[in-house]
Amino acid sequence: MRSLRVFIKNFLKVGIVICVLNALAEAKDLQVIQSFSANFEQRVHSFEGQGSVLKYTGTLKALAPTSVLWKYEVPIPKEIYIHNATMIIFEPKLKQAIFTQLQENMDLLSLLKNAKKVKDNHYEAEILQQKYTLLLENGILKEVHFSDGFANKVEILFSNIVVDGKMDTEIFEFNPSSDIDIIYH
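This is a predicted model, so every value here is computed, not measured.

Analysis parameters
- Residues numbered from 1 in each chain as written.
- Predicted model: local features only at pLDDT ≥ 70, side-chain atom pairs only at ≥ 80, totals over all residues.
- Heavy atoms only, no water.
- pLDDT = per-residue confidence, 0-100.
- Contact = heavy atoms within 4.5 Å.
- Salt bridge = Lys/Arg side-chain N within 4 Å of Asp/Glu carboxyl O.
- Buried < 20%, exposed > 50% of the residue type's maximum accessible area, 1.4 Å probe, protein only.
- Pairing = 2+ DSSP bridges.
- Helix = DSSP H or I, 4+ residues; strand = E, 2+ residues; numbered from the N terminus.
- Axes fitted to C-alpha atoms, helices over the stretch in contact; angles between N-to-C directions.
- Core = buried A, V, L, I, M, F, W, Y, C linked by side-chain atoms within 4.5 Å.

## So, the confidence of the model for the protein chain
Residues shown with low pLDDT carry predicted positions that ought not to be read at fine detail.
Moving on, step 1. Confidence in the prediction of the protein chain, expressed as mean pLDDT, is 79, and 75% of residues score 70 or more.
Moving on, step 2. For the stretch residues 1–7, pLDDT sits under 50, and the model shows 8 contacts to residues farther than four places along the chain or on other chains.
Moving on, step 3. Taken together, the stretch residues 20–31 has pLDDT below 50 and engages in 30 contacts with residues farther than four places along the chain or on a different chain.

## Some points on the pattern of salt bridges
Moving on, step 1. For the structure shown, the criterion picks out 7 salt bridges.
Moving on, step 2. With a shortest N-O distance of 3.9 Å, Lys-71 and Glu-79 are connected by a salt bridge.
Moving on, step 3. The salt bridge involving Asp-120 is made with Lys-117; its shortest N-O contact spans 4.0 Å.
Moving on, step 4. Among the residues examined, Asp-120 registers a relative accessible area of 60% and is labelled exposed.

## A look at the pairing of strand E2 (residues 53–63)
Moving on, step 1. In this structure, strand E1 (residues 35–45) lies alongside E2, joined through 11 bridges in antiparallel fashion. Looking at the pairing, Val-44 lines up with Leu-54 of E2.
Moving on, step 2. Pairing analysis gives 7 bridges linking E2 to strand E3 (residues 67–74), with the strands arranged antiparallel. Directly across from Thr-57, in E3, lies its bridge partner Val-74.
Moving on, step 3. Between E2 and E3, which pair antiparallel one after the other, the connecting turn spans 3 residues.

## Some words on the sheet that holds strand E5 (residues 86–91)
Moving on, step 1. Ordered in space as E7-E8-E9-E10-E11-E1-E2-E3-E4-E5-E6-E12, the 12 strands form an open sheet in which the pairing is mixed. Looking at strand neighbours, the two that pair on one side only are strand E7 (116–119) and strand E12 (181–184), the edges of this open sheet. When the angles between neighbouring strand axes are averaged without regard to direction, this sheet yields 20 degrees.
Moving on, step 2. As defined by bridge partners, E5 adjoins strand E6 (residues 96–101) across 6 bridges and the pair is classed as antiparallel. When the bridges of E6 are listed, Ile-89 appears paired with Ile-98.

## Details of the nonpolar core
Moving on, step 1. Within the largest apolar cluster, 25 residues are counted, with the highest numbers of intra-cluster contacts made by Trp-70 and Phe-158.
Moving on, step 2. Per-element accounting of this core gives the leading share, 4 residues, to E1.
Moving on, step 3. Core analysis: the second largest hydrophobic core is formed by 11 residues, Leu-69, Ile-88, Phe-90 and Met-167 among them.

Pasting the structure below:
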């Protein structure tokens with residue numbers, strides 16, 4: 001049960017990353033981004049420092065104000081849906097979906113006001129006592145860095161970024177088949 005809690009906590013951090021992404025984009029450009037789409041590579045560097053790196057790749061889609069879809073493709077398929085205060089982690093190979101509630105006190109307007117420029121194109125933000133380092137290129141978020149619950153260093157690199165592109169809202173709806181186990185946490 002503890003490993004499930006840590007797993008969910010770490011995926012909550014991923015959800016928070018996309019919220020940071022949207023909020024920082026607003027803070028940087030003083031405009032409201034309506035959609036964000038990108039490929040991502042997530043690297044998890046072992047806290048033991050022995051060069052062990054886990055790589056995950058996939059796509060990210062976000063639609064203002066509160067819809068996010070992370071689709072992991074490698075090494076195994078996984079989908080993370082976030083809408084309003086609900087997060088769903090769908091594991092197709094396990095045929096299970098975990099529903100959880102995000103913390104209500106995630107105030108993105110505060111984050112927006114408190115995102116601090118450290119140096120050119122480098123910002124730091126904090127949500128729920130988690131520090132994030134954000135790297136921008138030409139005003140667009142390219143990388144996010146943070147430490148996870150196991151003291152591993154995590155970096156998420158974005159590529160093929162499209163800001164304010166047209167997006168079908170139906171992709172954010174999770175419609176499981178009857179053979180999927182649903183777990184509420």
